[in-house]
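# Architecture and fold: a report
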Amino acid sequence: MKKLFSTLCLLSCISNAVHAQEFSPEQIQQVTQVREAALNSDLSWQILESLTTEVGPRLPGTKNDKKAVEWAQSQFKALGFDKVWIEPATFPHWRRYHESASIITPSEQPLHLTALGNSVSTPKSGIQAEVVFFETLDELIASPEGSLKGKIAFINYRMNRHIDGNGYGPAVKARNSGAVEAAKKGAVAYMMRSVSTSHHRFAHTGGSHYKAGVTKIPATAVANPDADQLARLITAGHKVKVKLNIQTEDLGEGTSYNVIGQFNGTQYPEQYVLIGGHLDSWDLGTGALDDGAGVALTMAAAKHISDVKRPKRSVRVVLFAAEELGLWGAKAYFKRHKDTLDNIVAAAESDFGADVVYGFESNVAAAALPLVREIAKQLAPLNVQYIRKNTARGGPDLIPLKNTMSAPIFALHQDGTDYFDYHHTADDTLDKVDPKKLQQNTAAYAVFAMMAADAKTRITGK
């Protein structure tokens, strides 16, 4: 037993020695240098300010979307990236032109609402119909056949507030398929409480979907205070009638572009760390939080790394196209690179606003966990906690990657407590971003990407 114990101790010491050699003292010093540079630089803010001010809203297929693609290429080149290129992505081209609504009985009152992405139009003269109230999507689904004939279905599901945004998934179900379920029951239009935690009178848009064989009806989201007003009126026993006018257009297939910048690795340039965000935004605000911040901080993080050293592996920043309309840029990217996806040694997307990164989590092979812990140690000075679950899901644009292979996915968890107050609204503007918090995000991504790219051994997925 004593001999066995000694052998185990020896193996443990050897293992620790191997892991300790992943990064030399000089490399750790370089990581510290990058971290401090990012914390004391306003580069990510400058990039974000430029995008949201000089380009503005970036709905896929619009003139501003094209301008954003040109802007991104110019920024990458100005920052000195070794390679800059674009790759096409097609998507369903949809446009919003007009939206208005009001309660007409029992009293006339304006409603603040917005069309959901992909919604069809009302007739030019609009729709007037009685509103039928439901608390949840399941309640709507359970309603009798034909019970909504000639009426407007309204779901008032309230999203909960949480640091990790866990209320979004349950709430977004009504946005995705509520119009389909309402149409099945005979409804002429669909309204829902915004997928939001806000008390402000801004309506939150977002993607919605139709189903073949089911009549397409206008789909809208109502600002939360207005949803409360509707609920109070109906709960009090009033027959509520609403006038709704939505004008949109389906323009067929559109084309946009993923914009990609890369700093080449010194030893294994074909292998790369993938970081980035999505370049497009909804048309209501200027997309500062969703996802201008992710674009800016990942571009800046890569630049800060290159200013100190070029790691062994490449650092690639991908700005995905048409995420808001259904991850179309991501689907195109991972399909285009399907034969070389094993070159990705680590992937993380920033698409959850610009509040502080509070947690770091991996989804990698067990053999890579000691290396992950080394990265976590260098993130600790940024008040980033190591989450040991090893079940990171990454950002939405990484979903096609996860569905294709067991890739090494990482999550730098941002505080999302207030994110859904602004998400997909006209209130998503630059003033909602705290420059200091943006710097902390940038530093966290710079540390992660640098260490993942410069480790002695490469990280692998499960």
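The paragraphs below set out a description of the structure included in this document. Predicted model, so just to flag it, every value in this text is computed and none were measured.

### Comments concerning the overall build of the protein
- Summing up its helical and strand segments, the protein has 13 helices and 14 strands in all.
- Compactness check: the protein gives a C-alpha radius of gyration of 24 Å against a globular reference of 23 Å for 462 residues, within 12% of the reference.
- A separation of at least 24 residues holds for 83% of the contacts in the protein among residues at least 6 apart in sequence.
- With an accessible surface of roughly 18800 Å², the protein has 52% of that area assigned to carbon and sulfur atoms.
- Treating the 50 positive side-chain charges of the protein as one cloud and the 48 negative ones as another, the clouds have centres 5 Å apart.

### Remarks on helix H4 (residues 63-78)
- A rise of 1.5 Å per residue sets the reference length of H4, with its 16 residues, at 22 Å; its end C-alpha atoms lie 23 Å apart and thus fit the reference within 8%.
- Check the buried side of H4 and you find it contacts helix H3 (43-55), strand S1 (83-105), strand S8 (241-263), helix H8 (288-308) and strand S10 (313-320).
- Immediately beyond the C-terminal end of H4, within one or two residues, lies Gly80, with a positive phi of roughly 85 degrees.

### Here's the deal with unusual backbone geometry
- In this structure, Pro106 follows Thr105 across a cis peptide bond, with omega equal to 10 degrees.
- Assignment of secondary structure puts Pro106 in the loop between S1 and strand S2 (109-111).
- Asp291 follows Asp290 through a cis peptide bond whose omega is 5 degrees.
- In this structure, Asp291 sits in helix H8.
- Even without being glycine, Ala322 reaches a positive phi, approximately 50 degrees.
- For Ala322, the position within the fold is in the loop between S10 and helix H9 (328-336).
- A positive phi angle, close to 60 degrees, is found at Asn383, a residue other than glycine.
- Along the chain, Asn383 falls in the loop between helix H10 (369-379) and strand S13 (385-387).
- The class of Asn383 is exposed, set by a relative accessible area of 65%.

### Describing H10
- The element H10 is extensively covered by neighbouring structure, given that eight of its eleven residues are classed as buried.
- Every buried residue belonging to H10 is among Pro370, Leu371, Val372, Glu374, Ile375, Ala376, Gln378 and Leu379, and all of these are buried.

### Some details on the pairing of S1
- Here S1 pairs with S8 via 20 bridges, running antiparallel. Looking across to S8, one finds that Glu87 is bridged to Asn258.
- The pairing of S1 with S2 spans three bridges and is antiparallel. Looking across to S2, one finds that Ile103 is bridged to Gln109.
- Two successive antiparallel strands, S1 and S2, enclose a turn made up of three residues.

### Concerning the packing of aromatic side chains
- Taken as a whole and judged by the stated rule, the model has 14 aromatic pairs.
- Centre to centre, the rings of Phe320 and Tyr333 are 6.0 Å apart; their planes meet at 90 degrees, and the pair counts as edge-to-face. Separated by 13 residues along the polypeptide, Phe320 in strand S10 and Tyr333 in helix H9 bring together distant segments of the chain. Considered together, Phe320 and Tyr333 belong to a single accessibility category, that of buried residues.

### Observations concerning the packing of H3 against helix H13 (residues 435-454)
- In the contact formed by H3 and H13, the axes pass within 8 Å of each other and the chain directions differ by 115 degrees. As the angle between them shows, H3 and H13 are arranged roughly perpendicular. The two elements H3 and H13 meet at a crossing, and its hand is right-handed. Together, Ser44, Trp45 and Leu48 of H3 and Pro435, Leu438 and Thr442 of H13 make up the contact between the two elements.
- Within the contact of H3 with H13, the residues separate by chemical class into four nonpolar, two polar and no charged.

### Some points on the pattern of salt bridges
- Overall, the coordinates contain 20 salt bridges when judged by the stated rule.
- With a closest N to O distance of 3.1 Å, Arg161 and Asp421 form a salt bridge. Placement of Arg161 in the loop between strand S5 (152-155) and helix H6 (168-184) and of Asp421 in helix H12 (residues 419-422) is noted, with a sequence separation of 260 residues between them.
- Here Asp421 falls in the buried class, since its relative accessible area comes to 15%.
- A salt bridge links Asp226 to Arg201; its shortest N-O distance comes to 2.6 Å. With Asp226 in helix H7 (residues 224-235) and Arg201 in the loop between strand S6 (189-193) and strand S7 (219-222), this pair connects stretches of sequence that are 25 residues apart.

### Some remarks on the nonpolar core
- Counting 95 residues, the largest nonpolar core has Tyr190, Leu279, Phe360 and Phe448 as its most contacted members.
- When near neighbours in sequence (up to four residues on either side) are disregarded, Tyr190 contacts Leu140, Ile152, Ala153, Ile155, Ala174, Gly178, Ala179, Ala182, Ile217, Pro218, Ala219 and Thr220.
- Grouped together as the second largest cluster of nonpolar side chains are 31 residues, Leu111, Leu113, Val240 and Ile246 included.

The rules we used
Residues numbered from 1 in each chain as written. Predicted model: local features only at pLDDT ≥ 70, side-chain atom pairs only at ≥ 80, totals over all residues. Heavy atoms only, no water. Helix = DSSP H or I, 4+ residues; strand = E, 2+ residues; numbered from the N terminus. Rg over C-alpha atoms; globule rule 2.2 N^0.38 Å. Contact = heavy atoms within 4.5 Å. Areas by Shrake-Rupley, 256 points an atom, 1.4 Å probe, with all protein chains shown as cover. Lys, Arg positive; Asp, Glu negative; His and termini not counted. Charge placed at Lys NZ, Arg CZ, Asp CG, Glu CD. Expected span 1.5 Å × (residues − 1). Buried < 20%, exposed > 50% of the residue type's maximum accessible area, 1.4 Å probe, protein only. Pairing = 2+ DSSP bridges. Phe/Tyr/Trp six-rings, centres within 6.5 Å; stacked < 30°, edge-to-face > 60°. Axes fitted to C-alpha atoms, helices over the stretch in contact; angles between N-to-C directions. Parallel < 35°, antiparallel > 145°, perpendicular 65-115°, else oblique. Left-handed = near helix turned anticlockwise from the far one by under 90°. Nonpolar A, V, L, I, M, F, W, Y, C, P; charged D, E, K, R; others polar. Salt bridge = Lys/Arg side-chain N within 4 Å of Asp/Glu carboxyl O. Core = buried A, V, L, I, M, F, W, Y, C linked by side-chain atoms within 4.5 Å.

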